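Architecture at a glance
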Amino acid sequence: MALNVELIAGPGREQMPQPFDGEVFILSRDGLALEISHGPTRRPPMKGVLYVTNMRMVLVVDSKHIATAQCESMELPFQGIEEESFNQPIFGTNNLSGRCKPYDNQPFHGEIRFRLKFYEGGVGTFLPIFNSVLGATRRILYQRRQQQQQGSVQGTREISVAFCLFNAERYRARIVHQICRNKP
């Protein structure tokens, strides 16, 4: 999670997140509010436009709400989202809640919990995209962990084989020396 990510001018005059290399914008939705709490601290709700990409979600705060929100934007990277839950309360707005891990050097303390509230609908489009991108991100992270574990096992095997060869060479040299010394 990151506060005040870099923004650029969009196709109109609105602000949008600066894309990373390989990042693709999938959806933008306005009429949303993001509530964040970290540790004992609860930030004021941020109202604005949510951008969903293949890497992250970024809420860009409406210009008239920046003073109360105390920031311009908030980023929720898909790789840091955990315990997500879609809620449909009887009284109140549909919302997505969960936890998100912060990036280093961010002003957050303790566990970060978020609640994304949909004031103007759009959940039917948002949820399938959110679930698809989050699932793909988790599959990629799982595959990377598997490759790293196999790489470390492979690396361990290579080190073990190298160590055995080194010791075998040492022992062979010692045996040859013993044989030569014991010759009549």
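We now turn to the structure provided with this report. Quantities reported herein were computed from a predicted structural model and do not represent experimental measurements.

Once that is clear, we can look at the pattern of salt bridges. Within the structure shown, the criterion is met by 7 salt bridges. A salt bridge links Glu83 to Arg113, with the shortest nitrogen-to-oxygen separation between them at 3.8 Å. One end of the pair, Glu83, is in strand 9 (residues 81-87); the other, Arg113, is in strand 11 (residues 112-118), and 30 residues separate them in sequence. The shortest N-O distance in the salt bridge between Glu84 and Arg138 comes to 2.7 Å. With Glu84 in strand 9 and Arg138 in helix 2 (residues 123-181), the pair connects residues that are 54 residues apart, well separated along the chain. Judged by relative accessible area, which is 27%, Glu84 ranks as partly exposed. Linked by salt bridges that have partners in common, Glu82, Glu83, Arg99 and Arg113 make up one network.

Okay, the side chain of Ser73 next. Residue placement: Ser73 occurs in strand 8 (residues 73-77). Among the polar contacts listed, one links the side chain of Ser73 to the backbone nitrogen of Val5, at a separation of 2.9 Å.

A few words on the packing of aromatic side chains. Counted under the stated rule, the structure contains 4 aromatic pairs. Ring centres 6.1 Å apart and planes at 85° place the aromatic pair Phe25 and Tyr51 in the edge-to-face group. Pair noted here: Phe25 is in strand 4 (residues 25-38) and Tyr51 is in strand 6 (residues 46-53), with a separation of 26 residues, a long-range link. Taking the relative accessible area as the measure of exposure, Tyr51 reaches 7% and is therefore buried. Each ring, one from Phe118 and one from Phe126, has its centre 5.0 Å from the other, and the planes form 55°; the classification is tilted. The two residues Phe118 and Phe126 agree in class, both being buried. Over the ring of Phe20 we find Arg56, and its NZ or CZ is 4.1 Å from the ring centre.

Rules used throughout
Residues numbered from 1 in each chain as written. Predicted model: local features only at pLDDT ≥ 70, side-chain atom pairs only at ≥ 80, totals over all residues. Heavy atoms only, no water. Salt bridge = Lys/Arg side-chain N within 4 Å of Asp/Glu carboxyl O. Helix = DSSP H or I, 4+ residues; strand = E, 2+ residues; numbered from the N terminus. Buried < 20%, exposed > 50% of the residue type's maximum accessible area, 1.4 Å probe, protein only. Polar contact = N/O pair within 3.5 Å; in protein donor to acceptor, adjacent residues only side chain to side chain. Phe/Tyr/Trp six-rings, centres within 6.5 Å; stacked < 30°, edge-to-face > 60°. Lys NZ or Arg CZ within 6 Å of the ring centre and 35° of its normal.

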